[in-house]
Amino acid sequence: MFYHIKELQYNAKPDRPDPVYAKKLQEVLGGQFGEISVMMQYLFQGWNCRGNQKYRDMLLDIGTEEIAHVEMLATMIAQLLDNAPVEEQENAAKDPIIGAVMGGMNPQHAIVSGLGARPDDSEGYPWNSRYTIASGNLLADFRANLNAESQGRLQVVRLYEMTDDKGVRDMLSFLIARDTMHQNQWMAAIEELEQNQKAIVPATFNQEFEKQEVSYSFMNFSQGEESKAGRWASGPSMDGQAQFEYISEPKAMGQIPVLNPAPGYIHGTPPLAP
């Protein structure tokens, strides 16, 4: 069950309208690593969780918080669009930098949503559920969550640098701080899971069925051997099961593929005459 209270989780009020910045802010609302993505990702991971109940509860805690972040961003975007008719797009485009790089105001903010936010990214591409991951394997999911929070915080920090509006920066500073917590949260959860199972996902697969001769070999497939100095090239493997080895000149181990001609009804390329 969900319920809504009228107060926002944190203030979301700009000092002044800015329809061009509203377009930029759409990225962290409806982009691949935006708040809609993490909201849906965490909620579905929680609803589908078959593990310990503390993980289900934690996922639904953070997923519900992300609903609040979506609300804050949508509210901020709507206020940035105050007094911003379609003509603002033409005015903004008079600036060659804005016209060439940002394209001015997003016309859909006026034409489609009536000066409101949309579930789209900064280019107007609709939010897509394929941005989300809910695999049923908590370790795999939590690693994906850490990446999502890392990318999301990076984008919010970049947006912070793109404005001098104190009200916008105040809201973004809150979101940046929450992303700091969320990254720490996922790192803590990952560490806890790794202490209780193998670090490789899935931990339940019998490694006898994989080609173990190459399970811990780093293969140098580019010019130069600078990669040899990395932690991944020597010493104990991260899962504690073996030693890394560095192969400076990996050799092909497979056959030369020769495919049979396609049957006639496929109408492929006919065989060459002998």
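Structure: see above.
Because the structure is predicted, anything quoted here is derived from the model rather than measured. As a convention, each chain's residues are numbered from 1 in the sequence order in which they are written. This being a predicted model, a pLDDT of at least 70 is required before a residue's local features are given, and a value of 80 or more before pairs of side-chain atoms are given or counted; all residues contribute to the totals for chains, interfaces and linings. By convention in this description, side-chain values take in all heavy atoms of the structure and omit both hydrogens and water.

**Comments concerning the overall build of the protein**
Argument step 1. In this text, helices come from DSSP runs of H or I with a minimum length of four residues, and strands from runs of E with a minimum of two, each type numbered from the N-terminal end. Counting its regular elements, the protein contains nine helices and three strands.
Argument step 2. For this measure, only C-alpha atoms enter the radius of gyration; the expected value for a globule follows 2.2 Å times N^0.38, where N is the number of residues. Computed over its C-alpha atoms, the radius of gyration of the protein comes to 25 Å, more than 25% above the 19 Å expected for a compact globule of 274 residues.
Argument step 3. Along the first, second and third principal axes, the C-alpha atoms of the protein reach 70 × 60 × 45 Å.
Argument step 4. A total accessible area of about 17100 Å² is found for the protein, and carbon and sulfur atoms account for 55% of it.
Argument step 5. For the purpose of charge, His is not counted, nor are the chain termini; Lys and Arg are scored as positive and Asp and Glu as negative. Charge positions come from single atoms, namely NZ of Lys, CZ of Arg, CG of Asp or CD of Glu. Distance between charge centroids for the protein: 2 Å, based on 22 positive and 36 negative side chains. Where accessible areas are quoted, they stem from the Shrake-Rupley method and a 1.4 Å probe; at the residue level, only the protein chains shown are allowed to cover.

**Section: the nonpolar core**
Argument step 1. Residues grouped as a nonpolar core are buried Ala, Val, Leu, Ile, Met, Phe, Trp, Tyr and Cys residues, joined through side-chain atoms within 4.5 Å. For every residue, the accessible area obtained with a 1.4 Å probe (protein chains only) is divided by the maximum for its type, and the residue is called buried under 20%, exposed over 50%, and partly exposed between those limits. Judged by nonpolar contacts, the single largest core of 26 residues is most densely connected at L25, M171, L172 and L175.
Argument step 2. Broken down by secondary-structure element, the contributors of at least two residues to this core are α1 (19-25), α2 (27-30), α3 (35-47), α4 (53-80), α8 (138-161) and α9 (166-196).
Argument step 3. Contacts are assigned to residue pairs with any non-hydrogen atoms lying within 4.5 Å of each other. Residues in contact with L25, not counting those within four places in the same chain, are L73, M76, I77, L80, L159 and L172.

**Considerations on a nonpolar patch on the surface**
Argument step 1. A surface patch of nonpolar side chains, about 380 Å² in accessible area, is lined by F2, F44, W47 and I67.
Argument step 2. Structurally, the position occupied by W47 is in helix α3.
Argument step 3. By relative accessible area, which is 38% here, W47 ends up partly exposed. Patch membership requires more than 30% relative accessible area and the absence of a salt bridge. Residues of like charge join within 9 Å; the nonpolar side chains Val, Leu, Ile, Met, Phe, Trp and Tyr join within 5 Å. Between Lys or Arg on one side and Asp or Glu on the other, a salt bridge is scored when a side-chain nitrogen of the former is within 4 Å of a carboxyl oxygen of the latter.

**Overview of the side chain of H109**
Argument step 1. Along the chain, the position of H109 falls in helix α7 (residues 107-111).
Argument step 2. Since its relative accessible area comes to 0%, H109 is described here as buried.
Argument step 3. Apart from residues lying up to four places away in sequence, H109 is in contact with A22, K23, Q26, I77, L81, G114, L115 and G116.

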